[in-house]
Amino acid sequence: MTLPLFKLKDYQNQTLISLRRFLEKTVELNDADTAFYAVTKRAFVPAPTLPGLPYVCLRIPTGGGKTILAAHSIAIAADSFLRTDTPTVLWLVPSQTIRDQTLATLEDRAHPNRRALADRFGENVRVMGVADALYAKRADYDGGVVVIVATIQAFRVEETEGRKVYEANGELMDHISGLATGLREALDIGPSGDPVPSLANVLRVRRPMVIVDEAHNARTNLSFDTLARLKPSLIVEFTATPVTLEEHKPEKGIYASNVLHHVSASELKAADMIKLPVILRGRTDPRETIGDAIAWLDELTATAESEEKTTGEFVRPVMLLQAEPKSKDKRTLHAEEVKKLLIEDFRVPEEHVIIATGETKGLDGVDLFDGDCKIRFIITQQALREGWDCSFAYVLCSVAEQKSARAVEQLLGRVLRLPRASRKRHEDLNRAYAFATTTSFQSAASTLRDGLVNNGFERVEAQTLVRAVAEPIRGLEEGGSAYVFEEALPADIDPATFKTNVETATGGRVQIDVDTGTIRARGALTDYDRATLVLAMPEAAARAINALVNKSRGARLKAIDSEQEAIRFGVPRLAIRSPHGLQLFDRAHFLDIPWKLEESDPAPILDYFSPPRPVGDEAHVDVSASGQVTVQFVTDLHEQLSLALQERGWTKNALVNWLDRRLPFSARRDITRVSSTLFIAKALDEVSAKTGMDIEALARAKFRLIEALVKVIARHRDVREAVAFERALLPQSGLEFETSSNLELVFDESRYGYNQPYRGGAVFKKHLFRVVGDLEASGEEYECAVYLERSPDVKAWVRNTSRQPHSFWLQTSSDKFYPDFVALLKDGRVLVIEYKGAHIATTDDSKEKRLIGNLWADRSDGTGLFLMIENKEFGRIDRTVRGDDLAQNG
């Protein structure tokens, strides 16, 4: 059976690229501190008791897919840093519940987490908990990747389970026998003078990669000491809330995380991973709050049914209700009371309600994704069962005023995930909703924003991602807090006959005025209310009932996005006119694919490859007696790993095939396997002839060979693509270029992606969106943004962020080019600006950008302008708009 393709999102690929770049730089420099600064331009904060160790953090907000990224990071570490086919991985999680869930996904061959391992290691994957690891044989480790999933408590010597990790275990004797002297010296030695056959010693020999899930839970001195005992090769944290540099207080045992890459909320939104914004509504009375929330849940349900008819995708919106804790001193709306309220006052069928608290585990065994599941309301208190996740949760309703962000952060995280990580056609299904019982609407909004921050979002983002809906005054009852709606009953109905039944059935929220012959609703009505009224009144009243329900919802539940009218901003894109119609201009229009790589010269591989030094029979100690780190951390690591594993016999064909399988997609994206293997074979011959290395020596250097092959292939590709691109733009190429609004990109705030929000003091009122993405608070690009903001010719502008799926781009020879700014002029034309400092404005890359930008403008029939600015020549913006500067841009 062919499994469905699971494709990583763009931001996930960028996260893994950052990790790969750091690890490759660490190998190159033999030093994690210097490598981290080279990649991030920030100082590296070493962890106590782990000096010199590559220890970095990938910051992924709630809903970003930390586990799938962790699974993919193993192959990257094996190839880019460890240089081994048999890595050992210690995957640490915060709780037993998360451990069981993680183990289940890694053991399931159909799950994307397991497939991430299988893509690199094939069938040579062994996943286990600590209990199984106590009995695993050496052959398990020598045969492929071993992943041990556990809590960090399982490795603390003071814990019962931890003591087993450090105790002698005869089942592990084969791991210890026959070790090289250098390996023995790093192990715990028993009374007999021999290494203890313990799991801890097995891990010390194997130098595990450590993955830490929710790392903020494992950054104590005790945790660092525990990790140091296991001699890890590197540690990668995955968390939404790392310890920041501002919180770094070593004297108090608080150490900042080395954040290598940060994913923003906008990137998750642009990738259709989460529901944003969060629409907030507040009431002072909990019953009114619940009534509003149920009414909106009904609306969402109807919208979801319409979505299913259109797209075939099933979604059943669910509400999470946050109840108050029980109290001996006062009456509270605790879980049982809220359930009683739903059933008795709002006529919710009991089968639609479930309680999930620490005492009542109503969610156990319930599949909310099942089309036959009846559950629509989940009542909890502070938190749901750890690890629980259901993207059908759309509405969070708090029946008590919450003044602490901690009280809402976990439940808020449960309503953020977008079903199936795919955008819905109905915009209401792309958002999350919070209904708060509060006496201060501003306070509720602030608490909700703090909850987003605690889920890993930037505070600047949180300010714009919580949309507090201001309620209209119309309809508010005099001196009260509820909105009153009326509808006339048909003349042939006697109101007095049904008054008692109606008011009793609805708990007094619907009343009948006998004198005026009207039916009156206090607050928004739900579908349950509608059904109750239909049963309580004659058929002739059905039209009045429906009108009242719709009227009660419409005045309160209409989503408000913006105080001002939205500006539509569409940018025409460069296309090729073909027999099949217009096509966006990309690499396929100027490159012959597949590329016949075997026709390229393999000799340049020697520019990137040098033979490794001979491996001794002992590995160096990582830290000297004085506590100083040796300068050869990475080299010593590779030597130890090679001593722990005996290489099998190699043939040339086996090595060629191994190297071919290890080529990353970026290196082989346009090459057939036949072509790559022919080129690799020629390259091996070249290396062997020039260095005298035999096949066994080449096999020992196979990871160095991979690096060299990637670089030499990239070199050949750059030359090939640059020549082909230049030819494509010549008139004689035969390509018919057209800048067309038929293929326009329409900027949409809900899909605007960026890595970091602008945090400066200047206010950009003309920026199309509330947040300006990826703009520093000073510098030349900032000054360009200020100039655009002040230009009288500019109606609106967008900071066009790089490598985001919904940003404007133009194709160059090797990549997509994302201009820095796109502006909508008051006369309707579009101005595209690329800013370059004078020191880089004359590079080949800039020449290509200028060439393709001018072509885009030239083929726009006067609707588009392109300008490349350097050295703060912002006055050229005015001259270009007037038409005085077009020649200077060539």
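Everything in this summary refers to the structure shown in the same document. (Residues numbered from 1 in each chain as written. Predicted model: local features only at pLDDT ≥ 70, side-chain atom pairs only at ≥ 80, totals over all residues. Heavy atoms only, no water.)

Description of the overall build of the chain
In step 1: Counting its regular elements, the chain contains 30 helices and 26 strands.
In step 2: When burial is assessed residue by residue, the chain has 54% of its 890 residues classed as buried.
In step 3: Counting contacts in the chain only where the partners sit at least 6 residues apart, residues at least 24 apart contribute 73% of the total.
In step 4: Per element, the accessible surface of the chain, about 38,600 Å² overall, is 49% carbon and sulfur. (Helix = DSSP H or I, 4+ residues; strand = E, 2+ residues; numbered from the N terminus. Buried < 20%, exposed > 50% of the residue type's maximum accessible area, 1.4 Å probe, protein only. Contact = heavy atoms within 4.5 Å. Areas by Shrake-Rupley, 256 points an atom, 1.4 Å probe, with all protein chains shown as cover.)

A word on the sheet that holds strand β20 (residues 737–746)
In step 1: With respect to topology, 3 strands assemble into an open sheet ordered β19-β18-β20, the strand pairing being antiparallel. Among the strands making up the open sheet, the edge pair consists of β19 (581–584) and β20. Direction aside, neighbouring strands of the sheet carry axes that sit 50° apart on average.
In step 2: The pairing of strand β18 (residues 570–578) with β20 spans 6 bridges and is classified as antiparallel. If you follow Arg573 over to β20, its bridge partner there is Ser740. (Pairing = 2+ DSSP bridges. Axes fitted to C-alpha atoms, helices over the stretch in contact; angles between N-to-C directions.)

Considerations on the packing of helix α28 (residues 780–790) against helix α30 (residues 875–882)
In step 1: Contact geometry of α28 with α30 gives a least axis separation of 10 Å together with a crossing angle of 45°. One way to sum up the angle between α28 and α30 is to call them oblique. In the packing of α28 onto α30, the handedness of the crossing is right-handed. Residues Cys784, Tyr787 and Leu788 of α28 touch α30, and the partners they reach there are Gly875, Ile877 and Asp878.
In step 2: Residue composition of the contact of α28 with α30, by class: 4 nonpolar, 1 polar and 1 charged. (Parallel < 35°, antiparallel > 145°, perpendicular 65-115°, else oblique. Left-handed = near helix turned anticlockwise from the far one by under 90°. Nonpolar A, V, L, I, M, F, W, Y, C, P; charged D, E, K, R; others polar.)

Brief notes about the pattern of salt bridges
In step 1: Scanning all chains against the criterion turns up 48 salt bridges.
In step 2: Among the ionic pairs, Lys326 bridges to Glu336, the shortest N-O distance being 3.8 Å. With Lys326 in the loop between β9 (318–322) and α15 (335–344) and Glu336 in helix α15, this pair connects stretches of sequence that are 10 residues apart.
In step 3: In this structure Lys326 comes out as exposed when scored by relative accessible area, which is 53%.
In step 4: The exposure class assigned to Glu336 is partly exposed, which follows from its relative accessible area of 35%.
In step 5: We note a salt bridge from Asp670 to Arg720, for which the minimum N-O separation is 3.6 Å. Here Asp670, found in the loop between α24 (665–668) and α25 (673–691), pairs with Arg720, found in helix α27 (residues 702–728); they are 50 residues apart in sequence, far enough to count as distant.
In step 6: For Asp670, a relative accessible area of 3% puts it in the buried group.
In step 7: In this structure Arg720 comes out as buried when scored by relative accessible area, which is 18%. (Salt bridge = Lys/Arg side-chain N within 4 Å of Asp/Glu carboxyl O.)

Notes on the packing of aromatic side chains
What characterises a pair of aromatic rings is the spacing of the ring centres plus the angle enclosed by the ring planes.
In step 1: Evaluation of the coordinates by the stated rule reveals 24 aromatic pairs.
In step 2: On the numbers, 5.3 Å between centres and 65° between planes, the contact of Trp296 with Tyr433 is edge-to-face. With Trp296 in helix α14 (residues 286–311) and Tyr433 in strand β13 (residues 432–437), this pair connects stretches of sequence that are 137 residues apart.
In step 3: Ring centres of Phe808 and Trp856 lie 5.8 Å apart, and the angle between their planes is 65°; this geometry places the pair in the edge-to-face category. On the criterion of sequence distance, the pair formed by Phe808 in the loop between β21 (794–799) and β22 (810–811) and Trp856 in helix α29 (residues 844–858) is long-range, its members being 48 residues apart. (Phe/Tyr/Trp six-rings, centres within 6.5 Å; stacked < 30°, edge-to-face > 60°.)

Section: the sheet that holds strand β26 (residues 864–870)
In step 1: Within the open sheet, the 4 strands sit side by side as β21-β24-β25-β26. Their pairing is mixed. Single-partner strands in this sheet number two, and they are β21 and β26. Geometrically, the sheet is characterised by an average inter-axis angle of 20° between neighbouring strands, direction not taken into account.
In step 2: Bridging between strand β25 (residues 830–836) and β26 involves 7 bridges; their strand directions are parallel. Counterpart to Val830 in the pairing with β26 is Gly864.
In step 3: α30 contacts β24 (821–825), β25 and β26 of the sheet and is inclined by roughly 160° relative to β26.

Let's talk about the pairing of β21
In step 1: The element β21 is extensively covered by neighbouring structure, given that 5 of its 6 residues are classed as buried.
In step 2: With 5 bridges joining them, β21 and β24 adopt antiparallel strand pairing. Bridge pairing in β24 places Arg799 opposite Phe821.

Take it as geometry only, folks, not as evidence of what the structure does.
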